[in-house]
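Listed below, chain by chain, are the residues.
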Amino acid sequence: MEGRERAEEPRRALPPLPGAEPGRVVTRFAPNPDSVLHVGSARAAVLSHDYARAYGGKFILRFDDTDPRIKKSRLDLYDAVLEDLRWLGCEPDEVHRQSERLEIYYRYAEALIMMGGAYVDTCPPEEFRRLVRSSRPCPDRDLPPEVHLERWRRMLNGEYGEGEAVLRVKTDLSHPNPAVRDWPAFRIVDTGRHPHPVVGSRYRVWPLYNWASAVDDHEMGVTHIFRGQEHSTNAEKQRYVYARFGWTYPVAIHYGRLMIEGGVLSKSEVERGIREGRYTGYDDPRLATLRALRRRGVLPDAIRQLIYSVGIKPSDATVSWGVLLAINRKLIDPIAPRYFAVLDPVEVRISGVPGELRAEMPKHPQNPGMGRRSYSLAPEGGELRLLIERSDAASARPGSVIRMMGLLNARVTAASPAGLEAEFLPGGVEEARSARAAFVHWVHPQHSIRILVVMDDASRRAGLAESALSHERPGTIVQLEREFFARLDSVDPDGSLVLYYTSQRGSRWPRSMTAPQSWRSATSHGSNGGAPRYLSSLKASSEPSPATSFARRSASAGPTMLP
RNA sequence: GCUCCGGUGGUGUAGCCCGGUCAAGCAUGGCGGCCUUUCGAGCCGUCGAUCGCGGGUUCAAAUCCCGCCCGGAGCACCA
C-alpha cells in the first residue's frame, strides 16, 4: 500500500487508517435525526462503516438527539436515517439513542464535579461571556465541589429554571480560543413545553454535544472518529474531559464539506423548501439527499466510489453531477435493459410493407441472458405507421434511407413537420449501413404505453415507450435507447408509467445548456405538436393492461432495493 | 478581529512528509474517430494546469523555508 506508484485508477480502496489495529477498530456515525441523509452525511457514514469493516471492527450508529428544542429530532427520521444507511450498505452493529442514556451522562458529570473538574455556573450568560473573554473566572468557579454537587442535585430536581444554571467543564481560562474556555456540558430545558420525541418530559437537564459525545465515545470504546472539520475545536474541548478522567482520546479525522454542484444540500434549505412546497419531498430530484439519488437511479456504490475518490482531506469539495453520474453509468450500463421510448413523437408512414413483420431485439446487446423483446407488426393495406423522435425526423431528407432499429429499412419520400412518408426497402443492418442510413428507434402505437419522465430539474415529460417496458419491476434502471438512463418508479394516476431520469452521457448542470434542441420544446406537459390527435386517440396498449399489473407489483414491492 | 485548516487543468483527485525519473498521472468534461444486429453505452485518440502570488535555499522545487493573497471552518446554555 505504501510506495510511490502512481494512481492509475480512481481510488477504489481506502488508505490505511492511522493507529488502527485489526479487530480493534470501533467507529461511530452520529447524526441528529432532524433531517434525512445527504451526500455530505454519507461521507462520514461510509468512511466510518467501511473502515470498521476493513479492520474487522465495529460500526455504531448513535443518534445525537440531545436537543429537544432548537435542533429537535423527529421520530420518523430515526427510521429514515437507518433506512438510508442500510441502502448505502452501512449496516450498524449497534444502534443507540443519546436521549435514552441521560443517566450515564449524569453519572460522569457527578464524578467530574467531585473531582473538582466541573462546576455549576449561575452567572447570567452575558456576564459569563464578558468575564471569560478576558480570561477571568465566574465567581462560582472556585466554590468547593460539595457546593456544586448540591447545586447539581438542585438542577436535577428542577429548582432552577431554563437558563438559570449550567454545568461547565473546567478547562483553561487562558486558552487562545474563548470557546474552549470552561465550555458548557449541561443546560436546562423546559421539557414541559418542549418535550423530547423519545423520552418526552422525563428529563430537564440535557447534555450538550461535547459532553454526550465525549462520554459516549469513551463508553462505547470508539477508536476512530470521522466528522466534518467544523468539529475540530470540539475535539479540543473534549480532550480536557479525557485528560481529567485519564482516558485516551480517539483518533479524530476531520474532513471538509462534500457538495454536489447545483444540488441542494443544506438541511434548512431542504426543510424549508419542502414546507413551502418548492420541493416535492425529501426525494425531489433536485436535492442531493440519498433518497433523491436513490429515486433517480443512482446506486449506493456510485456514491461510495465518489466518496473514495474525493478522499479524506480537510478542504471542501464541490463535485459536479457529471462525475457522480459518470461513475453511476459505469455501474448501471451492464445491468440496464434497453427499451425504446419516444418523447416527442411524429408519425412515419411506411408504404409497401410486404406483410407482417417481426421486430426482435435483445434487452441488452452484450448480455443475451437478459432476454429479448419482440413484436409482430401487421401493416394495414401495405402501410405501417410508426412514431419516431421529432429530432430524428427533422434530420431525414427525401431520398435518404432510415433504419428502424431491429425492424426495417425505408427510403424517405416526403418530409414535413407533421412527419415522414417512406417506402419499405428490403434488407437488414448491412444494407442500412451501406446506404448510410440513420439508425433510429421507434414505437408502434399499438404496442406502446404512455410514460411520464420526471427529469432532473423536476419537470415532467410525457411520451410513449414500447409496451414490454411495463413488464419490468419498479426500481429497475433501464436505458431508453439513444436517449438516457432512467429508473422505473411507479404508475401515475392517469395510467402512465412514471420514470425518473437518471443520466446521459455528457450531462452537466444545468442540463439545458447541453440538451439537444428537440428537448427544448417539450418541458412539462410533453409536447406533441406533430401528432396531437394521434396521441390523444392512442390506446395505452394492446396488451392486457400492463400498467395495472405493474401497479400491483409496485404496491407489494415496498421500498426499492437494488441488488 | 481571533483560532485552526486548505489553495495542482472547468470540476474532483494523484504527487508534497522521503527535492531530480513531474513543463505533472487519473477521472470527469470538450473535440475527433472506431464499433461484432442495431445504443447518446463501450473502445481509441486528442484538447486542457509552468502546480495561488512573490522571494529564498539548492546543480535541481509542485515538493523545503519566509512573506503575502485568496478560500473554508470555528469563536452558542446547536449538532
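Scroll up to find the structure this text is about.
These notes cover the structure that comes with them. Numbers given for residues are sequential positions, taken from 1 along each chain in its written order. Numbering of ligands from 1 and lettering of chains from A proceed in the order in which they are written. Reporting of local features is limited, given that this is a predicted model, to residues whose pLDDT is at least 70; pairs of side-chain atoms are given and counted only at 80 or more, and all residues count toward the totals for whole chains, interfaces and linings. To get the side-chain values, all heavy atoms of the structure are used, and hydrogens and water are removed first.

1. With respect to the overall build of chain A
Heads up, the rule is: By the criteria applied, helices consist of DSSP H or I runs no shorter than four residues and strands consist of E runs no shorter than two, each listed in order from the N terminus. Per-residue accessibility, obtained with a 1.4 Å probe over protein chains only, is compared with the maximum for each type, and a residue is labelled buried under 20%, exposed over 50%, and partly exposed between these values. Any two residues whose heavy atoms approach within 4.5 Å at even a single point are treated as in contact. The accessible surface values rely on the Shrake-Rupley method and a 1.4 Å probe; as for residues, cover is taken only from the protein chains in view.
Assigned secondary structure in chain A consists of 16 helices and 26 strands. The buried share of chain A, taken over its 563 residues, is 53%. By sequence separation, contacts in chain A at least 24 residues apart represent 71% of the contacts at least 6 residues apart. Of the roughly 25100 Å² of accessible surface on chain A, a fraction of 50% belongs to carbon and sulfur atoms.

2. Comments concerning the nonpolar core
The criterion, for reference: Note on terminology: a nonpolar core comprises buried Ala, Val, Leu, Ile, Met, Phe, Trp, Tyr and Cys residues joined through side-chain atoms within 4.5 Å.
In this structure, Ile350, Ile388, Met404, Leu407, Trp442, Ile451 and Leu469 are the most contacted members of the largest nonpolar core, which totals 49 residues. For this core, the element with the most residues is strand β17 (residues 384-389), which contributes four residues. Beyond its immediate sequence surroundings of up to four residues, Met404 is in contact with Val348, Ile350, Leu386, Ile388, Val440 and Trp442. Formed by 46 residues, the second largest nonpolar core is a distinct cluster that contains Phe29, Leu37, Ala52 and Leu324.

3. Thoughts on the pairing of strand β16 (residues 372-377)
How we decide: Here, any two strands with at least 2 DSSP bridges between them count as paired.
The alternating pattern of β16 places Arg373, Tyr375 and Leu377 on a buried face and Arg372, Ser374 and Ser376 on a face that is not buried. Bridging between strand β15 (residues 357-362) and β16 involves six bridges; their strand directions are antiparallel. Directly across from Met361, in β16, lies its bridge partner Arg373.

4. A closer look at the pattern of salt bridges
Basically, it comes down to this: For this document, the term salt bridge refers to a Lys or Arg side-chain nitrogen within 4 Å of an Asp or Glu carboxyl oxygen.
Summed over all chains, the structure comprises 46 salt bridges. In this structure, Arg62 and Asp216 form a salt bridge, with 3.8 Å as the shortest nitrogen-oxygen distance. Of this pair, Arg62 sits in strand β2 (residues 58-63) while Asp216 sits in helix α6 (residues 209-219); the two residues are 154 residues apart in sequence, bridging distant segments of the chain. Just as Arg62 is buried, Asp216 falls in that class too. With its nearest N and O atoms 3.2 Å apart, the salt bridge here joins Glu383 to Arg385. Overall, Arg385 belongs to the partly exposed group, its relative accessible area being 31%.

5. Concerning unusual backbone geometry
At Ser135, a position not held by glycine, the phi torsion is positive, near 65 degrees. Assignment of secondary structure puts Ser135 in the loop between α4 (125-133) and α5 (145-157). One non-glycine residue, Ala458, adopts positive backbone phi at about 75 degrees. In this structure Ala458 comes out as partly exposed when scored by relative accessible area, which is 23%.

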